[in-house]
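Reading the structure
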Amino acid sequence: MKTFTPKPADLSHEWYVIDATDVVLGRLASQTANLLRGKNKPSFAPYADQGNHVIIINADKIALSGNKLGKNLYQHSGFPGGLRADSYAELLKKDPARIIRTAVKGMLPKNRLAKVQLNRLHVYTGSEHPHVAQQPTVFEIKQISQQAK
């Protein structure tokens, strides 16, 4: 039996919606990275671009395990001297999408394909999103934060 190699005509990009309410950040990021890479498909190949579009809603309601709200998340702007320290509590108020995008980016492989896959991530703070026309499928993460119960 020959090994199946996905061709560009075989590739499809589905749309998924994830509700981030009371979901731990690491669990959300790992599930999102798997969907973005297309690892949920039986025809997965690490070199083929068969990832999905992922829409994350309620990004401002994610849960952080442990004592991470007071700790710093160091970010660099890309310019010389651009190192700055922002805490998770500040970022949850100012830009919660940045926390999720950074966590998902860290779980993707470090190659050219990762940038293409990360562009398929859409993060929104509210419960509404403008991608209704794509008819996204709801992807549910069953394990939520223990503190939410």
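The following refers to the structure shown. All values derive from a computational prediction rather than experimental measurement.

Conventions we followed
Here the residue numbers are simple positions, counted from 1 along each chain's written sequence. Confidence filtering applies because this is a predicted model: local features only for residues at pLDDT of at least 70, side-chain atom pairs given and counted only at 80 or more, and all residues used for totals across whole chains, interfaces and linings. For the side-chain quantities, the full set of heavy atoms in the structure was used; hydrogens and water were omitted. DSSP-based pairing: two strands are paired if at least 2 bridges between them are found. Only runs of H or I of at least four residues qualify as helices and only runs of E of at least two qualify as strands under DSSP, and these elements are numbered from the N terminus. Any two residues whose heavy atoms approach within 4.5 Å at even a single point are treated as in contact. The angle between two axes is taken between their N-to-C directions and runs from 0 to 180 degrees, where each axis is a line fitted to C-alpha atoms and a helix contributes only its stretch in contact. Oblique is the label for any angle not under 35 degrees, not over 145, and not in the 65 to 115 range, which are roughly parallel, roughly antiparallel and roughly perpendicular in turn. Left-handed describes a crossing whose near helix is turned anticlockwise from the far helix through less than a right angle; right-handed describes the clockwise counterpart. Pairing of aromatic side chains requires ring centres within 6.5 Å, counting the rings of Phe and Tyr and the six-membered ring of Trp. Pairs whose planes differ by under 30 degrees are stacked, by over 60 edge-to-face, and all others tilted. Relative accessibility under 20% of the residue-type maximum defines a buried residue, over 50% an exposed one, and the middle range a partly exposed one, all with a 1.4 Å probe and only protein chains included.

What follows is about the sheet that holds strand β2 (residues 53–57). Taken together, four strands build an open sheet; the order of strands is β5-β2-β1-β6 and the sheet is parallel. Every interior strand has two partners, whereas the edge strands, β5 (121–123) and β6 (137–138), have only one. As paired elements, β2 and β5 share three bridges and run parallel to each other. For Val54, the partnering residue across the bridge sits in β5 and is Leu121. Here helix α1 (residues 25–37) sits on the sheet in contact with β1 (15–19), β2 and β5, set at roughly 155° to β2.

Put simply, α1 and helix α3 (residues 96–107) touch, their axes get as near as 8 Å, and they point 60° apart. When the axes of α1 and α3 are compared, the pair comes out oblique. Judged by the sense of rotation from one axis to the other, the crossing of α1 with α3 is right-handed. Across the interface between the two elements, Leu25, Gly26, Leu28, Ala29, Ser30, Thr32, Ala33 and Leu36 of α1 pack against Ile99, Ile100, Ala103, Val104 and Met107 of α3.

Within the secondary structure, Arg120 is located in the loop between α4 (112–118) and β5. Those residues in contact with Arg120 that lie beyond four places of it in its chain are His13, Leu36, Asp49, Gly51, Asn52, His53 and Val54.

So, on to the packing of aromatic side chains. For any pair of aromatic rings, the description rests on two quantities: the centre-to-centre distance and the angle between the ring planes. All chains considered together, the criterion is met by one aromatic pair. Judged by centre distance (6.1 Å) and plane angle (80°), the rings of Tyr16 and Phe139 are edge-to-face. Here the residue Tyr16 occupies a position in strand β1, and Phe139 occupies one in the segment after β6, the gap between them amounting to 123 residues. With relative accessibility at 23%, the residue Phe139 sits in the partly exposed group.

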